[in-house]
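Summary of the model geometry
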Amino acid sequence: MVRRNDQRRAALVDAAIEVLAGEGARGLTFRAVDKEAAVPAGTASNYFASRDDLLTQAGARVYERLQPDEATIARLESADRDRETYVGLMRELVDRVAAFRTGYLALLELRLEATRRPALRKVLTERVRADVDANVAYHESSGLPGDTMAVKLLMLTLNWLIVEQLTLPDVFSAAEREQLVRAAVERIVAAE
């Protein structure tokens, strides 16, 4: 029987994210999650039907935790609708995602694992597609410059910049990353 204490479940999923980031997908076991969460042995197996269930929920949780907070959303809604605002928005996005280092690294592990697990691939594909669609919809309603293709190109470009920053942080300095974000927006988003 799978248990329903939502706070405990969230703590176990967060522990799974930490294990994925630190040990990789092969290191993700119920025992490792129990240890990371500092709960009695056997706890994770009471909350998740299978390891696949845990992997899937970890992927969903990363996306939950990467969402901007309400204050950020309110600030963006009142900002100007020009390329300079767009640069700031993309810089903030890169910083927010990079600040959740273990979450993004866990997501990379999940993507690799999804190449071998059709059920996980299906869930991640749906989640990433929903994320793309949500970003496009936000952009279209925001009045920011650029089109749907620009949004998708920026997502792809900045995702790799984040990977670089989290996995090989000395490839680009902070100043170079700033220049790259600005150049990506200026070159991908057509001037109005």
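Everything here concerns the structure above.
Heads up: these notes are all about the structure in this document. (Residues numbered from 1 in each chain as written. Predicted model: local features only at pLDDT ≥ 70, side-chain atom pairs only at ≥ 80, totals over all residues. Heavy atoms only, no water.)

For the pair helix H4 (residues 51–66) and helix H7 (residues 101–114), interaxial distance at closest approach is 10 Å and the crossing angle is 135°. By the angle class used here, H4 and H7 are oblique. The two elements H4 and H7 cross, and the hand of that crossing is left-handed. Here Arg 51, Leu 55, Ala 58, Gly 59, Val 62 and Tyr 63 of H4 come into contact with H7, specifically with Gly 103, Leu 107, Leu 110, Arg 111 and Glu 113. (Axes fitted to C-alpha atoms, helices over the stretch in contact; angles between N-to-C directions. Helix = DSSP H or I, 4+ residues; strand = E, 2+ residues; numbered from the N terminus. Parallel < 35°, antiparallel > 145°, perpendicular 65-115°, else oblique. Left-handed = near helix turned anticlockwise from the far one by under 90°. Contact = heavy atoms within 4.5 Å.)

This part takes up the nonpolar core. Grouped together as the largest cluster of nonpolar side chains are 53 residues, with contacts concentrated most on Leu 20, Leu 28, Val 33, Tyr 86 and Met 90. Those elements giving two or more residues to this core turn out to be helix H1 (6–23), helix H3 (43–47), H4, helix H6 (83–99), H7, helix H8 (118–142), helix H9 (148–167) and helix H10 (174–188). Ranked by residues supplied to this core, first place goes to H9 with nine residues. Non-local contacts of Leu 20, meaning those with residues more than four positions away in its chain, are made with Ala 25, Leu 28, Leu 55, Ala 58, Ala 106, Glu 109 and Leu 110. (Core = buried A, V, L, I, M, F, W, Y, C linked by side-chain atoms within 4.5 Å. Buried < 20%, exposed > 50% of the residue type's maximum accessible area, 1.4 Å probe, protein only.)

Moving on, we get to the side chain of Thr 85. Within the secondary structure layout, Thr 85 lies in helix H6. Setting aside residues up to four positions removed in sequence, Thr 85 forms contacts with Ala 79, Asp 80 and Leu 144.

Take the packing of H1 against H7 next. It is at 8 Å that the axes of H1 and H7 come closest, and there the two elements cross at 75°. Comparing the axis directions of H1 and H7 gives the class roughly perpendicular. Residues Ile 17, Glu 18, Leu 20 and Ala 21 of H1 pack against Thr 102, Gly 103, Leu 105, Ala 106, Glu 109 and Leu 110 of H7. Considered class by class, the residues forming the contact of H1 with H7 number six nonpolar, two polar and two charged. (Nonpolar A, V, L, I, M, F, W, Y, C, P; charged D, E, K, R; others polar.)

Unusually for a residue other than glycine, Ala 38 sits at a positive phi of about 55°. Mapped onto the elements of the fold, Ala 38 is located in the loop between helix H2 (30–37) and H3. Looking at Ala 38, the relative accessible area reads 69%, which means it is exposed.

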